[in-house]
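Here is how the chains run, residue by residue.
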Amino acid sequence: SGACVACLSDAECSGTTPNCNTTTNMCRACAADGDCSGNTPQCNTTTGACQAEACTMSNVATKCTDSAKPVCNTSTGECMANKTDCTDNASCNNLYNSTGALGYCNTSNSNTCELSCTTANAATLCTGTKVCNTSTLACVDNTCTNDASCDNFHDGSTVLPKCTSDKCVAAAGACQSSNVSTVCTDSTKPVCNTSNNTCVANTCSTHANCAGIHDGTNALDACVSDKCVQGCTAANAATFCSDAAKPYCNTTTKQCVAATCTVDSGCTPLAKGDMTFDKCMGGKCRKSCAENATNSCQTGDVCKASVCVDNKCAFQSDCAGVGSGSGTFALLAICQKAKCVKDATCTTATEAADCLGIKDDKKTPLNKCVSGKCALPSVDCTKNSDCASYPFTPICTSSKCARCANKDECATGELCDSKGHCVPDFTTAAGEATDLKNNIGSKTDAEVKTAVDKAVDAVTGDVPSTQSQQIMDDLAAAVKTKAANPADKAAVTSTLESLNKIGEKPKHLTKDSLDTMAETLDTLATAILGSGTATVSLDGEESKLGSALASIVAGAKDSLDTVAEQEAQFMKVNASIAQVGRALLKGVTKGTAKAIVNDTVKAAFVQRDAADFAGTTTCPGSTGTTGAGCVKISDAIAAKLTGCSGAYEFQTAAKTYNAYASEASSTDKINAGTQSAGFVCSTDGSAVNVTGLASGKEIEFTLTAETGKYVDANSCRYWDTTTEAWSTTGLTGVAATDKKSVTCKTTHLTDFSTSDDSTAPTTTTPTDTTSANFAAIFNPLLVLLAIFAF
């Protein structure tokens, strides 16, 4: 037989008690702190109720401020009234008030818990004729009948073991903290054990051996190297741990340390005043924090994802969800000068630097300093035409240029979009673009090109709208579908022309549009490689291919908000170039190079016999190559290439980008000169994995830095597609003496790069070409050298 219970799982609980206690089978508010929020962020696991932050012995003064509940029970974390029913000292355990521990049960005074006296506080707590009985923890009258009645008596500086004239006094020659220098003169016993007032040798094996040890100036409470020394505490860390490199106290070892770690448990002993740590992130100890709560992160930290972290940012998106780390929680959603802040403050004199990159929640630039804060320009007006030069505030309202609220406030033929901007009404073009995407299968190449030309030409202005971006998304999707099955060379040409037409409006492209455009090139190249018709090729289309690739890069620069998104897009462009190179060489005589060259892309492709890879291979010297980057294939690769009749590819000098904010100059910098090399061996376009090459059998290649850039031995790296981050696993590098090139050895084949952000040799003064304003930090140049072996 069974019993009826409230719950078996969370599914049976709801409302204010959504969690099931599977031990008691009762619904409760919480099982852990993560179930609580707001003003009650902590879970009392005993009662299952969310509660305010628990009181502790160190915060009772600020937590237990209710005069009716001035005592903290540290076992429950709750503030309470003082006990009036204690029976012995044990029943007062874990009780503290703002002064200290209430460990003494005064049975002769209403059975209340009172402050415990100790050798440390006896001088101030036990006043008048009273002294501390360290056994009962009570202040008592200093009276006696014999020495035995003086046991455990202490006046705060000296044990009082002798009964003289009915009063307990110190033994003759007894040491205490104030007379160590005159009493403990024996060099073998130079310190005083104040617990029994005897001079002792300074030796120890644990901290406990140092209890009560004093040298006359300091309490020596920490055992370090078998000797008692003054140790740090959470309370004295602010002054005691004065070394900036070691500002925190490890309360276990009582030594000052840096807040470094490998696991969470390594952080819990660290403290500095009320500052404690419970999380290890990135090798640094952090403290948990909470939204909508009072936090106490260390100075300079902010609260992000419930952890105190360094306050730093490069873009507005870096501040998403960031809140103040001290005091009352407040969102710090604006990135200003590499710090997340609540308000972007400024001065008129430094307006350009203070408001650089500041945007509101609609991604509108706030580039003017108005009343000490970065804001939209404050422009006086009498009519809408006065606001024509201010596209983000196009409407004259209350004599000021402002955002629009509805279509009626905009001019004829315009809409008010979600950002409050008056934008052209593209309803007709949007409908035609959607129709093209939905009915692409029935459209001829000529009809597709005509529809794309018409829709793109209809999109005007530099301010993107939801409508204009949807048009570009639909057009790109339609062209990609058409690219999958080109019937002839004219179809190939038409697809590229349509792709380039879409690229004419980079400010209106979205991430989806850009992804689709890159995928269209892959789709077209794959279709050409798979076609049995010789005339279906890219021969003569180099210029159109280059324009299409360049438009994707331009769109990434103009449309994507973060460096991570932009860099990911450039990697997709690299992948597209590789596949385009294979298709471009369809039907081309071995040894003949094909090139794509413009201001954004430089790529050269050539077929070579497998025998050419036996030693160092000179890069093709045709138009579009840089002449830099050669590959040396070790003998071990021969076995990996056996039976591989497809392509072997080598890329070099494909730039990648890594922008970051410079706090000193308030400008954005980029690592604008990285190079990459990629290898693929395939029989049908699918990659053959080459990994685990033994020492001495690695693939070796050399990459050269751009003019004014430098590399070092740590510059060889590759893009790990699993972690989506750069890695050096399986790579070693040897830089040239002038640091202008680096030779990399790898145990596997993938996409490689050098990061040329190293400093120059001491004999060379480098040219600094990395600084630029945010609006112009990207000047993309993708350079590819591909060698195909057959």
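Residues numbered from 1 in each chain as written. Predicted model: local features only at pLDDT ≥ 70, side-chain atom pairs only at ≥ 80, totals over all residues. Heavy atoms only, no water.

Notes on unusual backbone geometry
Most peptide bonds take the trans form, and the phi angle of most residues other than glycine is negative. Condition: Residue burial is assigned from relative accessible area. The probe radius is 1.4 Å, only protein chains are included, and a residue is buried under 20% of its type maximum, exposed over 50%, and partly exposed in between.
Its identity is not glycine, yet N111 carries a phi of approximately 55°, on the positive side. For N111, a relative accessible area of 27% corresponds to the partly exposed category.

Looking at the environment of D354
Heads up, the rule is: Each helix is a run of H or I in the DSSP string that is no shorter than four residues. Each strand is a run of E no shorter than two, and both are numbered from the N terminus. Contacts are assigned to residue pairs that have any heavy atoms within 4.5 Å of one another. The definition of a polar contact used here is a pair of N or O atoms within 3.5 Å, where within protein one atom must be able to donate a hydrogen and the other to accept one, and adjacent residues in sequence count solely through side-chain atom pairs.
As for its placement among the helices and strands, D354 is situated in helix α5 (residues 351-354). C-alpha separation for the pair D354 and C374, spaced 20 residues apart in sequence, amounts to 7.7 Å. Apart from residues no more than four positions distant in its own chain, D354 is found in contact with Q336, K337, T345, C346, T347 and C374. At 2.8 Å, the side chain of D354 and the side chain of K337 are in polar contact. For D354, the side chain forms a polar contact with the main-chain nitrogen of T347, separated by 3.1 Å.

Some points on the state of the cysteines
Our working rule: Disulfide assignment relies on a single distance test, namely cysteine sulfur atoms paired within 2.5 Å.
Counting across every chain of the model gives 28 disulfides. Two residues, C86 and C105, share a disulfide whose sulfurs are 2.0 Å apart. One disulfide, between C86 and C105, carries an S-S torsion of 90° and so falls in the right-handed class. Of this pair, C86 sits in the loop between β6 (78-80) and β7 (95-96) while C105 is found in strand β8 (residues 104-106), placing the two residues 19 residues apart along the sequence. Residue C86 is classed as buried on the basis of its relative accessible area, which comes to 1%. Paired through a disulfide, C232 and C249 show a sulfur-sulfur distance of 2.0 Å. An S-S torsion of about 85° defines the bridge between C232 and C249 as right-handed. Of this pair, C232 sits in the loop between β19 (227-229) and α4 (237-240) while C249 is found in strand β20 (residues 248-250), placing the two residues 17 residues apart along the sequence.

Notes on the nonpolar core
The cut-off we apply is this: We call a set of buried Ala, Val, Leu, Ile, Met, Phe, Trp, Tyr and Cys residues a nonpolar core when their side-chain atoms join them within 4.5 Å.
Counting residues in hydrophobic clusters, the biggest one holds 46 residues, and the most contacted among them are V452, I471, L475, I502, L521, L538 and L545. Elements with a minimum of two residues in this core: α6 (427-438), α7 (445-458), α8 (466-483), α9 (489-502), α10 (511-530), α11 (542-559) and α12 (563-584). If near-sequence neighbours (up to four positions away) are discounted, L521 is found in contact with L496, L499, L545, A548, L549, I552, S576 and V580. Counting residues in hydrophobic clusters, the runner-up holds 10 residues, among them I334, A344, C355 and L366.

With respect to the sheet that holds strand β22 (residues 270-272)
Cut-off, in case you're wondering: A strand pair is defined by DSSP finding two or more bridges across the two strands.
Strand order in the open sheet made by the 4 strands is β21-β20-β22-β23, with antiparallel pairing throughout. Edge strands, defined here as strands with exactly one partner in the open sheet, are β21 (255-257) and β23 (275-276). Pairing geometry for β22 and β23, over 2 bridges, is antiparallel. Among the inter-strand pairings, A271 is bridged to a residue of β23, identified as T276.

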